[in-house]
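# Survey of secondary and tertiary structure
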Amino acid sequence: PADWKYLGRDRTTVYHPYQWENTANNPGSRILAVYVDNVPAALAVNRLLPVDPVSGKLNPGTVSDNCTTFTGQNKLPANDVQAKWSGVSFICDMRNYERDVVGTGSVDGVNIVHLTGPTAGAHTFFFTYTDNTDQPDYSIFTDSVSSFIVK
């Protein structure tokens, strides 16, 4: 979105994702992170946005409900659990079920999607969107992911 600012790469983790945050309406309450090639395979999320890679772009599906509502598990188990939405597997964050963290996933595997661009070649990606507002807007994430193009 136009009002968002680039924060740089997060050097506090071993994955170094590229990060952006909103600057309007409660600045910093929404964060988009893009992991490239160094993807956290075990990162648990609360919701999944399934994506389908097509010609260096992503075709997003529908953001899931909070995964605690369809895993068949009680909230707050000792560990995160495997979940599936629209045929895509992911790790459901059962311990932090009130967070609003959405991650992408594909049939390529948990927390990954493979894309190839004409210049950049083949890469593995994972996108997360954290919305800490009282009215989460997942269309921001869906629109951002659908506008992503590998060069």
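Provided above is the structure to which this section pertains.
So, here is what we can say about the structure in this document.

Parameters and conventions
Residues numbered from 1 in each chain as written. Predicted model: local features only at pLDDT ≥ 70, side-chain atom pairs only at ≥ 80, totals over all residues. Heavy atoms only, no water. Helix = DSSP H or I, 4+ residues; strand = E, 2+ residues; numbered from the N terminus. Contact = heavy atoms within 4.5 Å. Polar contact = N/O pair within 3.5 Å; in protein donor to acceptor, adjacent residues only side chain to side chain. Buried < 20%, exposed > 50% of the residue type's maximum accessible area, 1.4 Å probe, protein only. Core = buried A, V, L, I, M, F, W, Y, C linked by side-chain atoms within 4.5 Å. Pairing = 2+ DSSP bridges. Phe/Tyr/Trp six-rings, centres within 6.5 Å; stacked < 30°, edge-to-face > 60°. Lys NZ or Arg CZ within 6 Å of the ring centre and 35° of its normal.

Among the structural elements, phenylalanine 148 can be located in the segment after helix H1 (139-146). On a C-alpha basis, the gap between phenylalanine 148 and asparagine 59 in space is 9.7 Å, while along the polypeptide they are 89 residues apart. Apart from the residues lying within four places of it in its own chain, the contact partners of phenylalanine 148 are Gly56, Lys57, Leu58, Leu115, Phe125 and Phe127.

Positionally, asparagine 22 belongs in the loop between strand S2 (18-21) and strand S3 (30-36). Of the polar contacts made by the side chain of asparagine 22, one reaches the backbone oxygen of alanine 24; its length is 2.9 Å. A polar contact of 3.0 Å, which involves the side chain of asparagine 22, links it to the backbone nitrogen of serine 29. Once residues within four sequence positions are removed from consideration, asparagine 22 is found in contact with Asp3, Trp4, Pro27, Gly28, Ser29 and Arg30.

What follows concerns unusual backbone geometry. One non-glycine residue, serine 55, adopts positive backbone phi at about 50°. Position of serine 55 relative to the elements: it lies in the loop between strand S4 (47-54) and strand S5 (57-60). Taking the relative accessible area as the measure of exposure, serine 55 reaches 73% and is therefore exposed. You will see that asparagine 111, though not glycine, has its phi angle at about 60°, which is positive. Locating asparagine 111 in the fold gives a position in the loop between strand S8 (101-105) and strand S9 (113-117).

Core analysis: the biggest nonpolar cluster contains 19 residues, and Leu58, Phe125, Phe127 and Phe141 have the highest contact counts within it. Filtering out sequence-adjacent residues up to four positions away, leucine 58 remains in contact with Val51, Asp52, Pro53, Val113, Leu115, Phe127, Val145, Ser146 and Phe148. By size, the runner-up hydrophobic cluster in this structure holds 15 residues, among which are Cys67, Phe90, Cys92 and Phe126.

With that out of the way, let us pick up the pairing of S8. Side-chain positions along a regular strand alternate between the two faces of the sheet. Within S8, 5 of the 5 residues are buried, which leaves it mostly tucked inside the rest of the structure. Because side chains alternate across S8, one face comprises the buried residues Val101, Gly103 and Gly105, and the other comprises Val102 and Thr104, equally buried. Relative to S8, S4 runs parallel, the two sharing 4 bridges. Across the sheet, the residue bridging to leucine 48 is glycine 103, located in S8. In terms of strand pairing, S8 meets strand S10 (residues 121-131) through 3 bridges, oriented antiparallel. By the bridge assignment, valine 101 is partnered in S10 with threonine 130.

A word on H1. Those residues of H1 lying buried are Ile140, Phe141, Thr142, Ser144 and Val145. Packed against the buried residues of H1 are S3, S4, S5, S8 and S10.

This next bit is on the packing of aromatic side chains. Applying the stated rule across the entire model yields 9 aromatic pairs. Aromatic side chains phenylalanine 125 and phenylalanine 148 sit 5.1 Å apart centroid to centroid with 70° between the ring planes, which places their arrangement in the edge-to-face category. One end of the pair, phenylalanine 125, is in strand S10; the other, phenylalanine 148, is in the segment after H1, and 23 residues separate them in sequence. Their ring planes at 80° and their centres at 5.0 Å tell us that phenylalanine 127 and phenylalanine 148 sit as a pair that is edge-to-face. One end of the pair, phenylalanine 127, is in strand S10; the other, phenylalanine 148, is in the segment after H1, and 21 residues separate them in sequence. On the basis of relative accessible area, phenylalanine 127 is assigned to the buried category, the value being 3%. An aromatic cluster of at least three residues, connected via ring pairs, comprises Tyr15, Tyr35 and Phe126. Directly above the ring of tyrosine 18 sits arginine 9, whose terminal nitrogen or CZ lies 4.3 Å from the centroid.

Function cannot be read off these values alone, since they describe shape.
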